[in-house]
Amino acid sequence: MPPLIKSIIDGIQDKKGENISVVCLDSIEGALCNYFVICQAQTSNQLLAIADSVEEKTRVDLGVKPAFVQGTAFAHWVAMDYTDAIVHIMDPEMRAFYDIEHLWEDAVITQIPNID
């Protein structure tokens, strides 16, 4: 797994983000990025804490900041654009409704175990 993806996952797990999926899009022509990293949070406070943790972890580990962050005002779905990867932090309802993991049937999806 690329260092950016590893750092993003670590940031998510530091705040107990759940049901992490890494969707590899690098072999799909026309994809917006190479990876989607998707997780869910149980509360809006946890969702924002995960976003902060991911931003801090990638900055400290790799000296990288997201080009764009959207959704913090409503805290149901935060998207963080790292150019090669887009991080989606969602509440369970939004995640189930949009099911973005399965937008590309050719994508390889890796499930990351929850941390207890």
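Before reading on, note that the structure itself is shown above.
What comes next concerns the included structure. (Residues numbered from 1 in each chain as written. Predicted model: local features only at pLDDT ≥ 70, side-chain atom pairs only at ≥ 80, totals over all residues. Heavy atoms only, no water.)

Time to look at the pairing of strand S4 (residues 77-81). Side chains Val78 and Met80 project from S4 onto a buried face, and the interleaved Trp77, Ala79 and Asp81 project onto a face without burial. Across three bridges, strand S3 (residues 68-70) lies against S4 in antiparallel orientation. Residue pairing in the sheet places glutamine 70 in a bridge with alanine 79 of S4. Counting the residues in the hairpin turn of S3 and S4 gives six residues, including glycine 71, whose phi is positive at 110°. The antiparallel hairpin formed by S4 and strand S5 (residues 85-90) contains three residues in its connecting segment, where threonine 83 sits at a positive phi of about 70°. (Buried < 20%, exposed > 50% of the residue type's maximum accessible area, 1.4 Å probe, protein only. Helix = DSSP H or I, 4+ residues; strand = E, 2+ residues; numbered from the N terminus. Pairing = 2+ DSSP bridges.)

Oppositely charged side chains can pair when the atoms bearing their charge come close. One pass over the full model with this rule turns up four salt bridges. We note a salt bridge from aspartate 61 to lysine 57, for which the minimum N-O separation is 3.7 Å. Of this pair, aspartate 61 and lysine 57 both sit in helix H2 (residues 44-62), four residues apart, which is roughly one turn of the helix. With relative accessibility at 40%, the residue aspartate 61 sits in the partly exposed group. Among the residues examined, lysine 57 registers a relative accessible area of 24% and is labelled partly exposed. Between arginine 95 and glutamate 101 there is a salt bridge; the shortest N-O distance is 2.3 Å. (Salt bridge = Lys/Arg side-chain N within 4 Å of Asp/Glu carboxyl O.)

Moving on, we get to the environment of cysteine 39. Along the chain, cysteine 39 turns up in strand S2 (residues 35-40). Sequence separation between cysteine 39 and methionine 90 is 51 residues, and the spatial gap between their C-alpha atoms is 6.3 Å.

The next subject is helix H1 (residues 3-14). Three or four residues apart is the spacing at which side chains of an α-helix point the same way, because the helix has 3.6 residues per turn. Given a rise of 1.5 Å per residue, twelve residues ought to cover 16 Å, and the 16 Å separating the end C-alpha atoms of H1 matches this to within 8%. Here H1 lies mainly inside the structure; nine of its twelve residues are buried. For H1, the set of buried residues is Leu4, Ile5, Ser7, Ile8, Ile9, Asp10, Gly11, Ile12 and Gln13. The secondary structure elements touched by the buried residues of H1 are strand S1 (18-24), S2, H2, S5 and strand S6 (108-112). Note on H1: the residue one or two positions beyond its end, lysine 16, has a positive phi of about 60°. (Expected span 1.5 Å × (residues − 1). Contact = heavy atoms within 4.5 Å.)

Before going further, it helps to examine the side chain of glutamate 101. Relative to the helices and strands, glutamate 101 is located in the loop between helix H3 (92-98) and S6. The exposure class of glutamate 101 is buried, given its relative accessible area of 7%. Here serine 21 takes part through its side chain, which lies 3.4 Å from a polar atom of the side chain of glutamate 101. Ignoring any residue separated from it by four or fewer positions in sequence, one finds glutamate 101 in contact with Ser21, Val23, Ile38, Arg95 and Ile109. (Polar contact = N/O pair within 3.5 Å; in protein donor to acceptor, adjacent residues only side chain to side chain.)

Compared with the 27 Å implied by 1.5 Å per residue over 19 residues, the 27 Å span of H2 between its first and last C-alpha is a close match. Regarding H2, the residues found buried are Gln46, Leu47, Ile50, Ala51, Ser53, Val54 and Thr58. Down the axis of H2, the sector holding all buried residues measures 165°, keeping them to one side. Every exposed residue of H2 that faces more than 90 degrees away from the buried side is listed here: Asn45, Asp52 and Val60. Against H1, S2, S4 and S5 lie the buried residues of H2. Following H2 by one or two positions, glycine 63 adopts a phi angle in the positive range, close to 70°. (Arc of directions from axis to C-beta.)

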